[in-house]
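Residue-level listing of the chains:
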Amino acid sequence: MSKKQVCAVVGVGIGNGAALARRFSDDGYAVALLARSDKVSGELAQALPDAKAFPCDVGDPASIAKAFADIRAQLGEVDVVAYN
């Protein structure tokens, strides 16, 4: 588990979501990348240190709960949420 602060970026795509993820990563955060598809988030997770992709459909409360439980288990408690 990461000792860094954790930022969850919800809605990762090629634009703003990816830019937010890069910015928080550059600032030393572990970054949880949440998106329905791992096409962009999976590639970004490989490119950023301490970043992981998590599948999440924000229209489904169970999906949100699972994603955040997985983040806590793998990266630690979320300190910042950026909802894109």
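Let us look at the structure shown here. (Residues numbered from 1 in each chain as written. Predicted model: local features only at pLDDT ≥ 70, side-chain atom pairs only at ≥ 80, totals over all residues. Heavy atoms only, no water.)

## Digging into the environment of Tyr29
And step 1. Its location among the elements puts Tyr29 in the loop between helix H1 (16-26) and strand S2 (30-35).
And step 2. Taking the C-alpha atoms as reference points, Tyr29 and Ala51, 22 residues apart in sequence, are found 8.6 Å from one another.
And step 3. Residues in contact with Tyr29, not counting those within four places in the same chain, are Lys4, Gln5, Val6, Cys7, Phe24 and Val80.
And step 4. At a separation of 3.4 Å, a polar atom in the side chain of Tyr29 contacts the side chain of Gln5. (Helix = DSSP H or I, 4+ residues; strand = E, 2+ residues; numbered from the N terminus. Contact = heavy atoms within 4.5 Å. Polar contact = N/O pair within 3.5 Å; in protein donor to acceptor, adjacent residues only side chain to side chain.)

## Side note on the nonpolar core
And step 1. Core analysis: the biggest nonpolar cluster contains 15 residues, and Val9, Val12, Ala21, Val31, Leu33 and Leu44 have the highest contact counts within it.
And step 2. Those elements that place two or more of their residues in this core are strand S1 (6-10), H1, S2 and helix H2 (38-47).
And step 3. For Val9, the contacting residues outside a window of four places in its chain are Gly17, Leu20, Ala21, Val31, Ala32, Leu33, Leu34 and Ala82.
And step 4. Core analysis: the second largest hydrophobic core is formed by 13 residues, Ala30, Ala32, Cys56 and Val78 among them. (Core = buried A, V, L, I, M, F, W, Y, C linked by side-chain atoms within 4.5 Å. Buried < 20%, exposed > 50% of the residue type's maximum accessible area, 1.4 Å probe, protein only.)

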